[in-house]
Structures are given as C-alpha cells and as structure tokens.
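So the chains spell out like this:
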Number of protein chains: 2
Amino acid sequence: MVMEEQKSLSFTLDPKSGVPYYKQVILQVEMAIADGRLTTGDQLPTVRSLAVDLKINPNTISRAYREMEIRGIVNTQQGTGTFISEKEIEISAVEREKILASLVRDFVIKANSYGIDMDQVIDYLQEMRDNEPLKA
Amino acid sequence: MVMEEQKSLSFTLDPKSGVPYYKQVILQVEMAIADGRLTTGDQLPTVRSLAVDLKINPNTISRAYREMEIRGIVNTQQGTGTFISEKEIEISAVEREKILASLVRDFVIKANSYGIDMDQVIDYLQEMRDNEPLKA
DNA sequence: TATATTGTACTAAGGTATTAGTACAATATA
DNA sequence: TATATTGTACTAATACCTTAGTACAATATA
C-alpha cells in the first residue's frame, strides 16, 4: 500500500449557520480542492479522527464522505481511508453539458432576481479568472 | 388606484417533483420575469384566486409572495394585491456585488466539483447571452 | 359606512432531514 | 491468525420544513 499524502486541513463547524454538518464538511473539502490545498490522491482525515476533532458522530462524517463518493469527488475503501479521486473521468461531455446547463439556469435565475444581468456575471467571472484562478 | 396590467399566466404545480409548492410558484414568477412575460408593475394573481386555481391553501401562495417581497421581487399591499417591483432600486451596487460574489462562489464550487472549469462556464454563458437573451 | 376584496396570523399535522447510539464489517498489517 | 484501523448498517430522537385549517386585518370602493 502506497502511503498517500495526508495533509493537515483544519475543518471547522458552525452550529449556528443552519447548514447541516455533513454539508459543511463537503463544502470545505470542495473549497480545498478548488484552491489547490487538496488534490488527486490526497487522503482525507479518517471518519473517526475527524469525528473526534469536530466532536460529532462518526456517521455524520461518513455521510459527507459517502455523498462525495457518489458525486465522484472521493474514493473510499474500508480499512484504508478516503482519498481525493482521480479527475472525474466518469463524467461524459454530454452529461457535463447537462449539469452545466442546469447549474447555469439556476444561477442565472437567481442573479436575475437580484437585478444582475448576464453581462455583469460574465464580466465578474472573467475578472475572477484573470486575477485569481481557482484551479491550481 | 391605477389598474395595473393583470396578465394571464398559467401556473402549474408538480406534486411529484419534491420541490415545495411555494418554491415552484416563486420559480415560475422568476422565470416569467426573466423572459419578459412579467415586468415592473404587473399584478400577480391574488392569493385566493391562485390558491383556487392550483387547489392548494391560500397560505401557501401567501408564503411564496412573502418570500418574494423579502427578496424585493414584488410589492404586496393588503386589499390591493401583489405587483412586480420597480426594478430593485433598493439594492446598492455594493450590496449587489456582495450577492453576486456569493452566488458566483457557490456556483463555481459546484461546477468545479463536476470538473467544469471557469473557461467552460464563461464560454457557455457567452453563447447563451448571444443566442437567446434571457432579458426582454 | 357597509361590503367586497385583498393579504395575514396563529396553530397544528404530517413528513423529511439531520444527527447520534450502538453494534458491525472490511481491510491492512504485525 | 490476531489485532488495529478503516468505514458502515440500522435504528431512533429531535428538529425543521411544508402545508392546511381557521379566523382575522387592512384596503378599496359602492
């Protein structure tokens, strides 16, 4: 068994946010991937250790990891651990297009309801991309 | 009292979708605004009439309208009705920027978790804007 | 003022989501 | 094989979400 890199990420929970714990965990992993702190092959904290750290039940961590596994973000193996996946080869271009379409649709409707139009959104995204790329 | 335009929109509900009724109503109003079927000053169906049409409780419609009022999408007055707001003058540029930032952040994280990067997103949005603008 | 029309407050029922308790199962490794 | 380490299944408690029932309140208008 190859020893994968076990990075020390600091997870935190906000009980008052209204966001479920398992979703907060997922979000933090996603953000760590997005900004490069986590990458392919990295090991996440074990279910038990993270549960102890965060003082919550192991099943709650397990649920977060399971959801990410379903989404293809991580791979889990009992007895071994949970690791960031090889980059989602399993999503076809067509499927990705569909997902993107639905994400964009929701997003545009929301933005629109705040009086923000597509030009603004596009400008914003371009600036964002040019100034501080999210992907490592 | 000026008689505002009362357009005939056809609302529908899908009980099997898992999306709450009040959210379905909000979504349909938002989409109607986005594609121009509804615009500033238009009156929405009354709470009661829409409740009868959709065969649900008036409070459910009321909740949808109240949420939209909080978001600044509509203005409600008892005895008079519910109308599409004058274009959100109440949102400052700074506030709008903040909202946009948080919307974009959520969106990018989601897209990223599906392996979709910003360039793809921007391309997609640009095509969308150029081909079939959402705003009338 | 009287009446119709509009939205609202308060409450409760039912369902769903979230989390924890407890015991278990799969894998790695000495 | 024995033991430690990893994740999991099943259940139940609690909280929250959604909707409806009922009665009410504010406004418009005859």
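Reading guide: rules and limits
Residues numbered from 1 in each chain as written. Chains lettered and ligands numbered in written order. Predicted model: local features only at pLDDT ≥ 70, side-chain atom pairs only at ≥ 80, totals over all residues. Heavy atoms only, no water. Salt bridge = Lys/Arg side-chain N within 4 Å of Asp/Glu carboxyl O. Helix = DSSP H or I, 4+ residues; strand = E, 2+ residues; numbered from the N terminus. Buried < 20%, exposed > 50% of the residue type's maximum accessible area, 1.4 Å probe, protein only. Near = heavy atom within 4 Å. Polar contact = N/O pair within 3.5 Å; in protein donor to acceptor, adjacent residues only side chain to side chain. Nonpolar A, V, L, I, M, F, W, Y, C, P; charged D, E, K, R; others polar. Expected span 1.5 Å × (residues − 1). Arc of directions from axis to C-beta.

Colleague: How should the pattern of salt bridges be read in this particular structure?
Modeller: A side chain with one charge may pair with a side chain of the opposite charge, provided their charged atoms come close. In total, this model carries six salt bridges over all chains according to the counting rule given. For B:Arg63, the salt bridge identified is with B:Glu67, shortest N-O distance 3.7 Å. Of this pair, B:Arg63 and B:Glu67 both sit in helix α3 (residues 58-70), four residues apart, which is roughly one turn of the helix. Relative accessible area serves as the criterion here: at 38%, B:Arg63 is assigned to the partly exposed category. Taking the shortest distance from any N to any O, the salt bridge between B:Glu67 and B:Arg71 comes out at 3.9 Å. Among the charged side chains, a network of salt bridges with common partners joins A:Glu30, A:Arg63, A:Glu67 and A:Arg71.

Colleague: Just to check I follow, could you spell out unusual backbone geometry for this structure?
Modeller: Negative phi is the rule for most residues except glycine; trans is the rule for most peptide bonds. Residues and elements named next belong to chain A. Although it is not a glycine, Lys55 adopts a positive phi angle of roughly 60°. Among the structural elements, Lys55 can be located in the loop between α2 (47-54) and α3 (58-70). Lys55 gets classed as exposed once you look at its relative accessible area, which sits at 75%.

Colleague: Looking at this model, I keep getting lost on the protein's contact with DNA strand D. Mind explaining?
Modeller: As a structural note, the neighbourhood of DNA strand D is formed by 25 residues, with A:Val47, A:Asn59, B:Tyr21, B:Asn59 and B:Gln78 the closest of them. When atoms of DNA strand D within 4 Å of the protein are sorted by moiety, sugar and phosphate together comprise 63%. A distance of 2.6 Å separates a base nitrogen of DNA strand D from a polar atom in the side chain of A:Asn59. Within the backbone of B:Tyr21, one N or O atom sits 2.4 Å away from a phosphate oxygen of DNA strand D. When residues of the surface near DNA strand D are traced back to their parent elements, those giving at least two are α2, α3, β1 (74-77) and β2 (81-84) of chain A together with α1 (21-34) and α3 of chain B. Residues belonging to the surface near DNA strand D are distributed by class as follows: six nonpolar, 15 polar and four charged.

Colleague: Teacher, can you tell me more about the protein's contact with DNA strand C here?
Modeller: Around DNA strand C, 25 residues are found, and the nearest of them are A:Tyr21, A:Asn59, A:Gln78, B:Val47 and B:Asn59. Measuring from a base oxygen of DNA strand C, one finds a side-chain N or O atom of A:Asn59 at 2.2 Å. B:Gln78 has a polar side-chain atom sitting 3.3 Å from a base nitrogen of DNA strand C. Considering only residue class, the surface near DNA strand C consists of six nonpolar, 15 polar and four charged.

Colleague: Is there a simple way to think about α3(A) in this case?
Modeller: Count 3.6 residues to each turn of an α-helix, and residues three or four apart come out pointing the same way. All names here are of chain A. The end-to-end C-alpha separation of α3 is 18 Å, in line with the 18 Å expected for 13 residues at 1.5 Å each. When α3 is considered as a whole, its buried residues turn out to be Ile61, Ala64, Tyr65 and Met68. Buried residues in α3, looked at end-on, bunch into an arc of 90°, giving them a common side. Turned more than 90 degrees from where α3 packs its buried face, Asn59 and Ile70 sit exposed. The N-capping residue of α3, defined by a side-chain oxygen 2.9 Å from the backbone nitrogen of Asn59, is Asn57. Just beyond α3, the residue with positive phi is Gly72, at close to 85°.

Read these as layout, nothing more, since geometry by itself doesn't imply function.
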